[in-house]
Structure formats: structure tokens, C-alpha cells
Amino acid sequence: MGEGTLSKAQEPGVRVSMFEGLRHRLPLETYVLALTVLVWILLAVFSKYFWTTGNITDILRQVSIDAILAFGSLFPIVLAGIDLSVGSVAGLAGVIFSMLIADAGQGILVALVVTVVVGLIIGMVNGWASERLGIPPFIVTLAGLQGYRGLALLLSGGLTIAGMPPGLQKFALSSVLHVPSLFLLMLAFGLAAHFLLAYTRTGRYMYAIGSNIESARRVGIRVTLVVIISYALASLYATISGLLLVARLSMGAPTAATGSELAAIAAAVVGGASLFGGRGTILGCFIGALLFTTIGNGANLLGVNSFWQMVIEGLLIAFVVYFDNLQKRRQAGLG
Amino acid sequence: MAPLLEVEGLVKSFGPVDVLHGVDLSLAAGEVLALVGDNGAGKSTLIKHVAGVYRPDAGEIRLEGQPVRVETPGQARALGIETVYQDLALADELSVGANIFLGREPVKHLFGFLPIIDNRRIRMETDALLARIESKIPPRARSVSRLSGGQRQAVSIARALYWRAKVVIMDEPTAALAVMEREHVIGLARRLASEGVGVIYIGHNLIEILEVADRVSVMYRGRIVHMTKAEETNQQELIKYMTGFTGK
């Protein structure tokens, strides 16, 4: 606490609450959403194909899978942790699922259940290792990033796995009242995650642990349990996005979702999550994922070199985080 | 009637270092007992036993006459022993209400089966509580990170008050505060005592100690060397005991 913060505490009412109000109306997500809308308008102006049913449906399908991965990544981020293994887990889940169907002749339901159980176990191990063994989650999940991708390549022999039942892709490309089924599925998973984070004790404890793990312990929160749940959810959402990728492409690919952990984390951060923990929302993740998907789509439509696209995305992350810090520092000065 | 809290013959060493050599202490309901002593005298070690952070090598802790085991902070809390820590143990990103209710949120059931946090009740109770302690904390503050040091102490104290703590330990609660805020926190300590809470108050500032406390215990090298009513002592006497220059 510096001198400045102390002196104003004698009459804290007015200025603090004024700024509270401003902060209420304009969280970071609002600016990112505005930016996304701006990009949509620009693309609609510069590309005749952008604002067509086919393209919008494509964007909605693409953002669905990315957003589910980002939702999952948010849980560990809220804890001030991180899960770098979600892309590899998605890839491994796709391989296990498609091999169970194509090679082992199992039905979709059995394959689904087995894959989800494997995903949950991976997540629980991640959470347990980072909390109980005291290994930083960055390291635990970095090992997972390599290890699970390796496992996916080993199991599949590095080859894609075809022979999915046609119904799977049909589902992935289907729509309900012109809204892609994948998008509806994403909404359902998003709502579930939002509900958990915003309305349940478990969710609140995730924010509490991310804010101050010692105070969480002192009030008797079962920190290990909450951490394990968070990483299990990250892995579960990664597994689901892996399965949806298989459905969409109608095949399992061991290299699927490579590098997507960073896109997922970037979406969460651009959507207002703090890597220092305690902050972040599902809506923010969705907006972040939508912005990145839109940029990717627009770059394709306008024929922008995909290397440039990476540079643009990098600049965007740097800008948004800088902007957020700037806002916070200004706030600290005032309030 | 038995005192609210009694500590008897508490012994603790960390490896080869003996920190507490058989400490006795008693605290009555509705009193502020100050604990003073130089750095390393054992004040923090002593209260961390009561708060469930450390386990004693020997000795007994009794609450309302009954021997109790206080082996975790959770157990201490369940027994009605709350600690307001020097390092402000609040979850920064959570609201005032969420902090007061952290770990004990009221729950209601959505559609009759989905347990969710009753945020409306938390807000109402928090408003009433802050009004009760006459705090100037904006009750709708979205995160306590934007509150001043004194306001954060007040949140911790309000938490203890709300949960009907029997014993509240305040570990240098004013160490990082400006003068005006210090007065407010001292007022809150007296307020707790007037509601029948037993308060153990650790501090360095003797003027403040003599203002807030009913009784003062002086620790020196792991022992309580002097116990007096606050009105029957003065700074010079306390310093003498704190530094060991008692002429003996």
C-alpha cells in the first residue's frame, strides 16, 4: 500500500464507487467485442463472399470447436495455473475414439465413454501433480503437450484413421433452424461452464484460489480437490473438441489440434482472463475465440498470406494485454 | 466460570531452536488482551497454535473450559477462533461479500435440485453487516483489491463478527495503516469485545496497545514475563519487560 492509497481512504465513497460504475459498464470483453464487430464490418465491405450464409455457417462451425477448447483452458487460468496439454489431449482423444470405432469395431457410444474417461483421468493427473507434487502446472502440462502428442502418433502409427460412420460427419455438418449443431453444442458447453464458474461454490473457489491460495486454505477450502476438478474440466473440454474435430473431418488425425492450446489460451486472455489468476469469463473466451476465428476467415477470403495472419494475431494479443494493463494501472491511480 | 480461552504449558521447538518454553495465557469473553514483545519473542508462534497453524510439542489449549485440539485453520474456525492476519488474507479478485462468506456461502437450489450460491442473500447480509460496523467500505465493490489497507482489515473483522467468532486474533492489524485508519481498526477491536468476543491483539505500538487493551501480556524469549491491567502500567514499564532489563 503506497501513501496515495492510504490518504484517500478517509473519504473513499465517491471516487471509488464512480469508478466501480465505469468498470461495471466497460469490462475488457466489451472492447474486444467492439473490435470483432469492426472486423466483421470491414470484411463485409472488402469481401463479397464474407456475408454469405455459407461463410457465416463456416465461421460458426469453426469457432465452436476453438471456443470449447478455450472454455476448458479458462478453468486452470482462473486458478493462476495453465494447461498447455489441451491441444495434444484433443489429438489423442480423436485418435483413441476413431481407433476404437475403425480398428476395434466399437460403437460410437462405447468409444465416446472410453475416450471421455481417458480425458478425465489425464486432467485429474495434471491437477494432482501440480497441486500435490508441487510441480508447476506449466511444467506438468508441458510434459503432457509432448507426451500425449507422442502417444497419439505412436497409437496411430502417424497415420490418419478413416472409416468413421457417415452419421458422424452428417451430425457435424447439420443445422437446427439454420444454426449449426456444433454451435448449439458449443453454447450448451459454454452455458454449463459459465454456470459452474459464476453460480456454484466450486467455481467461486476457483477464483478464490487464483486470487490468494493461502486465504483459500485458511478458510478451509479443499484446494487440492478444486484444482483437480479444474484440470479435469480442461481435459474434458479438450477431449470433446477433439471428438468434434473427428466428426467434422470424418477421420482421426494424430496431428489434429496441434498448437491449438496457445490459440485457446490467447482467446481466454484476449477475452479478459488474467494469467495471474482470479479473473476471466466464459463469455470473454467466446468473444476472444470469435475474434481469432474471424481474423483467420477474413485472411483466407482476402488472400492474405497466412504468415501475416500469425503476425497479426501476435500483435493483437500484445495490444489487448497492454491495453488491459494500462486500464488497470489508470484505475489503481484513481481508485 | 471458566475463562473463554486458556493456554497452559505450551512448549514448541523448531528443530534445535526452542521457541516457547511453557507459556500460560488466559482470555476472558469481552476483553482485549494485548500481546507485546520484541521480534522473535514468540508472539506469532504462540497465536499460530491457537489459530491451528502449528501443533504444540506439549501443553493444552482449552476453550470454555474444554480441552480442544486445534490442528488446522479449519478446525480453529469451526471452534469459533478467527484470525485477522497481518498480511491481509483476503481473496483480492473477489467482492467484499464473497470474501466475508468465502468457504461458507449460503446455497439455494435452482429448479429444486441445482445448488447455487445465494448471491442476493450475501449482498443483503453484507450491506447490513457493513452498516453495523459503521464501515465506509463501498458494499458493492467488485473486488477487494481496490480497497485500502484499513478497509481490508475491516472486511476481515466484519467476517469474524458475522460468523459469531468467540475468539478473534488480530496479528498486527494496524502495521501497514495510516493514522486515521488505525483509529478505525482499534474501534473495531473494541467493538468486537463489546459484543462479547475475546480479542488477542498483537502489536508493536505501545501507545496503541495501551489504548485498545484491557490487559497486556509481555513476552520475552519464549515466556510470558509480565501480565498487567492496561490501566496499571505504562510504556516505560512495558519496554523494561520487553527488553529484559527488569533489574533482576
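All values reported here derive from a predicted model rather than from experimental measurement. (Residues numbered from 1 in each chain as written. Chains lettered and ligands numbered in written order. Predicted model: local features only at pLDDT ≥ 70, side-chain atom pairs only at ≥ 80, totals over all residues.)

1. With respect to the overall build of chain B
Right, on to step 1. The helix and strand tally for chain B stands at eight helices and twelve strands.
Right, on to step 2. Relative to a compact globule of 248 residues, whose C-alpha radius of gyration would be 18 Å, chain B shows 19 Å and is just as compact.
Right, on to step 3. Each principal axis of the C-alpha distribution contributes one length, and for chain B these read about 70 × 40 × 35 Å.
Right, on to step 4. For chain B, with 248 residues in total, the buried portion stands at 47%. (Helix = DSSP H or I, 4+ residues; strand = E, 2+ residues; numbered from the N terminus. Rg over C-alpha atoms; globule rule 2.2 N^0.38 Å. Buried ≥ 20, exposed ≤ 12 C-beta atoms within 10 Å, placed from the backbone.)

2. Digging into the overall build of chain A
Right, on to step 1. The secondary structure content of chain A amounts to 15 helices and two strands.
Right, on to step 2. Every one of the 335 residues in chain A was classed for burial, and the buried ones make up 47%.
Right, on to step 3. Within chain A, contacts between residues separated by at least 24 positions form 79% of all contacts whose residues are at least 6 apart in sequence. (Contact = placed C-beta atoms within 7 Å.)

3. Observations concerning helix α9 (residues 181–199) of chain A
Right, on to step 1. The terminal C-alpha atoms of α9 of chain A, which comprises 19 residues, lie 26 Å apart, in line with the 27 Å expected from a rise of 1.5 Å per residue.
Right, on to step 2. On its buried face, α9 of chain A sits against α4 (53–78), α8 (166–172), β2 (179–180), α10 (201–211), α12 (223–249) and α14 (282–301) of chain A. (Expected span 1.5 Å × (residues − 1).)

4. Side note on the nonpolar core
Inside soluble globular proteins, nonpolar side chains tend to come together where they are buried.
Right, on to step 1. Counting residues in each nonpolar core, the largest one holds 160 residues, and the members touching the most others are Ala189, Val199 and Tyr201 of chain B.
Right, on to step 2. Counting residues per element, this core draws most heavily on α12 of chain A, at 17 residues. (Core = buried A, V, L, I, M, F, W, Y, C linked by C-beta atoms within 7 Å.)

5. Here's the deal with the pairing of strand β10 (residues 198–202) of chain B
All names here are of chain B.
Right, on to step 1. Counting buried residues in β10 gives five out of five residues, a clear majority hidden from the surface.
Right, on to step 2. Residue alternation in β10 divides its side chains into two sets, Gly198, Ile200 and Ile202 and Val199 and Tyr201, and both sets are buried.
Right, on to step 3. Direction of pairing for strand β3 (residues 32–37) relative to β10: parallel, over a ladder of four bridges. Across the sheet, Val32 pairs through a bridge with Val199, a residue of β10.
Right, on to step 4. Bridge count between strand β9 (residues 167–171) and β10: five bridges; the pairing is parallel. Residue pairing for β10: Met170 is matched across the bridge by Tyr201.
Right, on to step 5. Once you follow β9 into helix α6 (residues 179–194) and on to β10, the crossover reads as right-handed. (Pairing = 2+ DSSP bridges. Right-handed = clockwise from strand over helix to strand, strands pointing away.)

6. Re the pairing of strand β7 (residues 107–110) of chain B
Residue and element names in this part refer to chain B.
Right, on to step 1. Bridge count for β7 against strand β8 (residues 114–117) is four bridges, and the pairing is antiparallel. Bridge pairing links Lys108 to Ile116 in β8.
Right, on to step 2. Turn length for the β7-β8 hairpin, with the two strands adjacent in sequence and antiparallel, is three residues, and the turn residue Phe111 shows positive phi of about 55°.

7. Quick word on the sheet that holds strand β11 (residues 215–220) of chain B
All names here are of chain B.
Right, on to step 1. An order of β6-β9-β10-β3-β11-β12 is seen for the six strands of this open sheet, with the pairing classed as mixed. Looking at which strands have only one partner, the edges of the open sheet turn out to be β6 (81–84) and β12 (223–229). Pairwise comparison of adjacent strand axes, ignoring direction, gives a mean angle of 20° for this sheet.
Right, on to step 2. Direction of pairing for β6 relative to β9: parallel, over a ladder of four bridges. When the bridges of β9 are listed, Val84 appears paired with Met170. (Axes fitted to C-alpha atoms, helices over the stretch in contact; angles between N-to-C directions.)

8. Overview of the environment of His194 of chain A
Residue and element names in this part refer to chain A.
Right, on to step 1. Here His194 is to be found in helix α9.
Right, on to step 2. Using a count of 18 C-beta atoms within 10 Å as the deciding quantity, one classes His194 as partly exposed.
Right, on to step 3. Each C-alpha atom of the pair His194 and Leu159 lies 37 Å from the other, and the pair is 35 residues apart in sequence.

9. Concerning the sheet that holds strand β1 (residues 5–14) of chain B
The strands making up a sheet associate through hydrogen bonds between their backbones, and the pairing can be parallel or antiparallel.
Residues and elements named next belong to chain B.
Right, on to step 1. A sheet is described by the order of its strands in space; here four strands give the open sequence β2-β1-β4-β5, paired in antiparallel fashion. The open sheet terminates on both sides in strands that have one partner only, identified here as β2 (17–27) and β5 (66–68). The average undirected angle you get between the axes of adjacent strands in this sheet is 30°.
Right, on to step 2. Running at roughly 120° to β1, helix α1 (residues 43–50) makes contact with β1, β2 and β4 (58–63) of the sheet.

10. Concerning the confidence of the model for chain A
Right, on to step 1. For chain A, the average pLDDT comes to 87, and 90% of its residues sit at 70 or higher.
Right, on to step 2. Per-residue pLDDT stays below 50 along residues 1–25 of chain A; that stretch engages in 38 contacts with residues further than four places along the chain or on separate chains. (pLDDT = per-residue confidence, 0-100.)

11. Notes on the packing of α4 of chain A against α9 of chain A
Residues and elements named next belong to chain A.
Right, on to step 1. At a closest axis distance of 8 Å, the pairing of α4 and α9 adopts a crossing angle of 25°. The angle between α4 and α9 falls in the class roughly parallel. You can see that α4 and α9 cross each other, and the crossing is left-handed. Counted together, Leu60, Arg61, Ser64, Ile65, Ala67, Ile68 and Phe71 of α4 and Leu182, Phe183, Leu185, Met186, Phe189, Gly190 and Ala193 of α9 form the full contact between these two elements. (Parallel < 35°, antiparallel > 145°, perpendicular 65-115°, else oblique. Left-handed = near helix turned anticlockwise from the far one by under 90°.)

12. Points about unusual backbone geometry
Residues and elements named next belong to chain B.
Right, on to step 1. Positive phi values are uncommon outside glycine, yet Arg164 reaches one of about 50°.
Right, on to step 2. Mapped onto the elements, Arg164 comes out in the loop between α5 (149–162) and β9.
Right, on to step 3. Non-glycine residue Arg221 carries a positive phi angle of around 50°.
Right, on to step 4. Here Arg221 shows up in the loop between β11 and β12.

13. Some remarks on helix α6 (residues 108–132) of chain A
Residues and elements named next belong to chain A.
Right, on to step 1. Under the 1.5 Å per step criterion, the end-to-end length of α6 is 35 Å for 25 residues, consistent within 8% with the ideal 36 Å.
Right, on to step 2. Here α6 has its buried residues at Ala111, Thr115, Gly119, Ile122, Gly123, Asn126, Gly127, Ala129, Ser130 and Glu131.
Right, on to step 3. Those residues of α6 hidden inside the fold are in contact with α5 (86–102), α7 (137–156) and α12.
Right, on to step 4. Where α6 ends, the next residue or the one after it, Gly134, has phi of about 70°, a positive value.

14. A short note on the packing of α4 of chain A against α14 of chain A
All names here are of chain A.
Right, on to step 1. Axis separation between α4 and α14 bottoms out at 8 Å; the angle between their running directions is 140°. Viewed along their axes, α4 and α14 adopt a mutual orientation that is oblique. Two packed elements cross with a definite hand, and for α4 against α14 that hand is right-handed. Contacts between α4 and α14 pair Ile59, Gln62, Val63, Asp66, Ala67, Ala70, Phe71 and Leu74 from the former with Ile282, Cys285, Phe286, Gly288, Ala289, Leu290, Phe292, Thr293, Thr294 and Asn297 from the latter.
Right, on to step 2. Along the lines of polarity and charge, the residues of the contact of α4 with α14 split into twelve nonpolar, five polar and one charged. (Nonpolar A, V, L, I, M, F, W, Y, C, P; charged D, E, K, R; others polar.)

15. Regarding the environment of Met99 of chain A
Residue and element names in this part refer to chain A.
Right, on to step 1. You can see Met99 is positioned in helix α5.
Right, on to step 2. Separated by 71 residues in the primary sequence, Met99 and Leu28 place their C-alpha atoms 42 Å from one another.
Right, on to step 3. When near neighbours in sequence (up to four residues on either side) are disregarded, Met99 contacts Ala104, Leu155, Ser156, Ile161 and Gly252.

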